[in-house]
Amino acid sequence: MKNEIFNKFSNFKDFNLSDIELYKYKVAEKINFLTIEQREEILKKANYNLFNIPSKYITIDLLTDSGTNTLSDLQLSYMMLYDESYAGSISYERFIDAAKNFCNKEFIFPVHQGRAAEKILAEILTKPGDIVISNTHFDTGFAIYKHFKATPINIPTPYYKDEKYNFKGNIDLEKLEELLKNGNVSHVVMTITNNALGGQPVELNNLKQAYEITKKYNRIFVIDGCRIAENSILYKRITNSNKSIKEIIHDYTQYCDIFYMSTKKDGIAHMGGFIATNNKELVPKIRQLVILYEGFPTYGGLSGKDMEVIAKGLEEVLDEDYLNYRINQVKFLGDLLKNIGIPIIEPVGGHAVFVNASKFIQHLKPEDYLAQSLVIELYRLGGIRSVEVGYLMYSKDAIMNLVRLAIPRRTYTYKHLEYVAYIFSLIKDNINNLKPYRVLEADELVPHFTAKLAPVS
Ligand code: F0G
């Protein structure tokens, strides 16, 4: 089994040009390899929560694709052109031009990251008791709406588990109409791609219909588009569209009142985000809270350097060579895992491979934190950091129990990904070693970030 992975390229007739890195190193960072015994000690000290492990003890960090991107030489060069003026900097002008070009909206407000946008939107759009509907909220939005005493509800497409269905990021249109008819819905958020359910793409037509239904009931429709470029290349491949990525993104963003994104993802940046709209009534409301919480609206919590990096990143992400490389690399890891019999969410989505932990670990129950148990074993055996998306993150609201292997952009090589698959093959050989865990304590709204766990002996 293990040899199959390592022999993949031994027959050069099988060599595939899409399996070569699109980039070469310019800066090198040494990776640390520890012993299993050292990692066991570290796990104990971290209370079996990988958010508590210092990154110097990690070998391959697949915790998130957010802000972990490798910058291009051009992004670094533009960073040096920064203007840190409080008001109206040149960096702001470049940022605004790039964001407008990206999402095709007139009014743009920078914020320091995605959840800052979520907090501002929650405050503007919701009141206690409101319902906020989504194809699936990601953890920060979910927690923020609860914090504002609203109720976040996830209504993914009923086909979200169907392996032959290409647009598993879609929303359930029937349920959407039912909720809009009967509930106190403040607004609808379409997460593109649908991160919590596998980084799966949303279909343009599903978005259009969801938008039209929402407008029929006169409610606000929001796109959380932090991975909309990845969504667009997946859409282009599935539908054989001839349009450019930018055109496809604009096809999507026409169907919303508000577009926001964390530029730590498809902005290929380390920090940042923005809120965008064409709705003039919303502008003063957003602007006021940006000033209160983030900073003057021409920097919104970002330095000039950040805005330069984002401006260039939003341009680079539209390059199809980049996006094809990105999607191929994620799929490469998915294929390796599939070949050695690890159940994953298929088709593989945009930014991560999601392992179906309930299917993989038959001897444990969700209440045993089975997906977290796999997360812990991946670290113990291989120094790999991943994240649980399941019972620990969402408790009873969990739709599935998954382990997400998020791939930072332009950062790891194909060999690193083969190493990840190799560690999985070791775990598979001794699957019954995976232990149940219990939570000793955790914060109420964001349990997975803070939980202390212990193995059940
Ligand atoms: N929306 C989605 C779909 C996200 O994936 C994230 C962050 C956010 C909003 C919030 O953005 O981190 O800039 O405040 N997701 C990261 C992840 C953390 O690992 O998936 P942020």
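The shown structure was predicted, so the numbers you read here are calculated from the model rather than taken from an experiment.

The rules behind the values
Residues numbered from 1 in each chain as written. Predicted model: local features only at pLDDT ≥ 70, side-chain atom pairs only at ≥ 80, totals over all residues. Heavy atoms only, no water. Helix = DSSP H or I, 4+ residues; strand = E, 2+ residues; numbered from the N terminus. Rg over C-alpha atoms; globule rule 2.2 N^0.38 Å. Buried < 20%, exposed > 50% of the residue type's maximum accessible area, 1.4 Å probe, protein only. Contact = heavy atoms within 4.5 Å. Areas by Shrake-Rupley, 256 points an atom, 1.4 Å probe, with all protein chains shown as cover. Lys, Arg positive; Asp, Glu negative; His and termini not counted. Charge placed at Lys NZ, Arg CZ, Asp CG, Glu CD. Expected span 1.5 Å × (residues − 1). Pairing = 2+ DSSP bridges. Axes fitted to C-alpha atoms, helices over the stretch in contact; angles between N-to-C directions. Right-handed = clockwise from strand over helix to strand, strands pointing away. Salt bridge = Lys/Arg side-chain N within 4 Å of Asp/Glu carboxyl O. Core = buried A, V, L, I, M, F, W, Y, C linked by side-chain atoms within 4.5 Å. Polar contact = N/O pair within 3.5 Å; in protein donor to acceptor, adjacent residues only side chain to side chain. Near = heavy atom within 4 Å. Nonpolar A, V, L, I, M, F, W, Y, C, P; charged D, E, K, R; others polar. Domains from an automatic or database assignment.

**Q** In this structure, what is going on with the overall build of the protein? I would like to understand it.
**A** Broken down by element type, the protein carries 18 helices and 14 strands. The C-alpha atoms of the protein give 22 Å as radius of gyration, which agrees with the globular expectation for 457 residues (23 Å, within 12%). For the protein, with 457 residues in total, the buried portion stands at 58%. A sequence separation of at least 24 residues applies to 73% of the contacts in the protein between residues at least 6 apart. Accessible surface, the protein as shown: approximately 19400 Å² in total, 50% of it carbon and sulfur. Here the protein contributes 55 positively and 55 negatively charged side chains, and the mean placements of these two sets differ by 2 Å.

**Q** Hey, could you run me through helix 15 (residues 370-382) in this one?
**A** Given 3.6 residues per turn, any residue in an α-helix points the same way as the ones three and four places further on. Over its 13 residues, helix 15 extends 18 Å from the first C-alpha to the last, a length consistent with the 18 Å expected when each residue adds 1.5 Å. With its phi angle positive at about 70°, Gly-383 sits one or two positions after the end of helix 15.

**Q** For this particular structure, what's the right way to read the sheet that holds strand 6 (residues 220-224)?
**A** Working definition: the strands of a sheet are paired by backbone hydrogen bonds and lie parallel or antiparallel to each other. Pairing within the open sheet is mixed, and its seven strands lie in the order 2-8-7-6-5-3-4. This sheet does not close on itself; its edge strands, each paired only once, are strand 2 (107-111) and strand 4 (151-154). For this sheet, the mean inter-axis angle between neighbouring strands, taken without regard to orientation, is 20°. Where helix 6 (residues 139-147) meets the sheet, it contacts strand 3 (131-134), strand 4 and strand 5 (185-191), and its direction lies at approximately 145° from that of strand 4.

**Q** Even after reading the chapter, I still don't get helix 4 (residues 90-103), so can you show me in this structure?
**A** The end-to-end C-alpha separation of helix 4 is 20 Å, in line with the 20 Å expected for 14 residues at 1.5 Å each. When we look at burial in helix 4, the residues that qualify are Ser-91, Tyr-92, Phe-95, Ile-96, Ala-98, Ala-99, Phe-102 and Cys-103.

**Q** When you look at the sheet that holds strand 11 (residues 387-389) in this model, what are you seeing that I'm missing?
**A** Here we have three strands laid out as an open sheet, ordered 9-12-11, and antiparallel in their pairing. Only two strands of the sheet have a single neighbouring strand rather than two, namely strand 9 (352-356) and strand 11. Within this sheet the neighbouring strands show an average axis-to-axis angle of 35°, counted without direction. Summarising the sheet, strand 9 and strand 12 (residues 402-406) pair through five bridges and their orientation is antiparallel. Within strand 12, the position partnered with Val-353 by the bridge is Leu-405.

**Q** Would you take a moment to explain the pairing of strand 5 for this structure?
**A** Every other side chain in a regular strand lies on the same face of the sheet, so the side chains alternate between the two faces. A large share of strand 5 lies buried, amounting to seven of its seven residues. Both strand 3 and strand 5 contribute to a ladder of four bridges, which runs parallel. Opposite Ser-134, over in strand 5, you have Val-189 as the bridge partner. Here strand 5 runs beside strand 6; their pairing, made up of five bridges, is parallel. From the neighbouring strand, Val-189 faces strand 6, where its bridge partner is Val-222. Note that the unit made of strand 5, helix 8 (residues 204-216) and strand 6 has a crossover that is right-handed.

**Q** Help me understand the pattern of salt bridges in this model?
**A** A side chain of one charge can pair with a side chain of the opposite charge if their charged atoms are brought near each other. Tallying each qualifying case throughout the model produces 26 salt bridges. Between Glu-308 and Arg-94 there is a salt bridge whose closest N-O contact spans 2.8 Å. With Glu-308 in helix 12 (residues 304-316) and Arg-94 in helix 4, this pair connects stretches of sequence that are 214 residues apart. A cluster of three or more residues bridged by salt bridges with shared partners is formed by Asp-65, Arg-227, Glu-230, Asp-266, Arg-326 and Arg-409.

**Q** What am I meant to see in the nonpolar core here?
**A** Soluble, globular proteins show a tendency: their nonpolar side chains are buried together. Among the nonpolar cores identified, the biggest contains 59 residues, and Phe-102, Ile-171, Leu-176, Leu-207, Phe-221, Phe-259 and Phe-274 are the most heavily contacted of them. The element contributing the most residues to this core is helix 4, with seven residues. Ignoring sequence-local partners within four residues, the contact set of Ile-171 consists of Ile-133, Ser-134, Asn-135, Ile-155, Pro-156, Thr-157, Leu-176, Val-188, Met-190, Asn-206 and Ala-210.

**Q** Before we go on, may I ask you to explain the side chain of Thr-263 in this structure?
**A** Residue placement: Thr-263 occurs in the loop between strand 7 (258-262) and strand 8 (273-277). Thr-263 sits in the buried class, given a relative accessible area of 0%. There is a polar contact of 3.2 Å between the side chain of Thr-263 and the backbone oxygen of Met-271. Not counting chain neighbours up to four residues away, the residues in contact with Thr-263 comprise Ile-268, Ala-269, Met-271, Gly-272, Gly-273, Phe-274 and Ile-310.

**Q** Would you explain the site of the ligand in this entry?
**A** Neighbouring the ligand are 17 residues; Thr-64, Arg-115, Asp-224, Lys-265 and Arg-404 lie closest to it. Take Gln-113: an N or O atom from its side chain is 2.8 Å from an oxygen atom of the ligand. Taking Arg-115, its side chain carries an N or O atom lying 2.7 Å from an oxygen atom of the ligand. Protein contacts shield 94% of the accessible area of the ligand, which totals 470 Å² for the unbound molecule. The element that contributes the greatest number of residues to the shell around the ligand is helix 5 (residues 114-125), accounting for three residues. In the shell around the ligand, the residues fall into two nonpolar, eight polar and seven charged.

**Q** Teacher, can you tell me more about the pairing of strand 2 here?
**A** With respect to burial, strand 2 is a largely interior element, four of its five residues being buried. Here strand 2 runs beside strand 8; their pairing, made up of five bridges, is antiparallel. Looking at the pairing, Val-111 lines up with Gly-273 of strand 8.

**Q** Explain the domain arrangement of the protein to me, please; I cannot follow it from the model alone.
**A** Reports of interface size often rely on the accessible area that becomes lost once the parts have come together. We note that the domain assignment places domain 1 (3-61 + 321-455) and domain 2 (73-316) within the protein. One C-alpha centre belongs to domain 1, the other to domain 2, and the line joining them spans 27 Å. Along the contact surface separating domain 1 from domain 2 lie five salt bridges. Across the salt bridge formed by Arg-409 and Glu-230, the nearest N and O atoms sit 3.1 Å from each other. There are 16 residue pairs in polar contact (both at pLDDT 80 or more) connecting domain 1 and domain 2. Residue assignment for the side of domain 1 that touches domain 2 shows that the elements contributing at least two residues are helix 13 (320-339), helix 16 (391-394), strand 12 and helix 18 (447-450).

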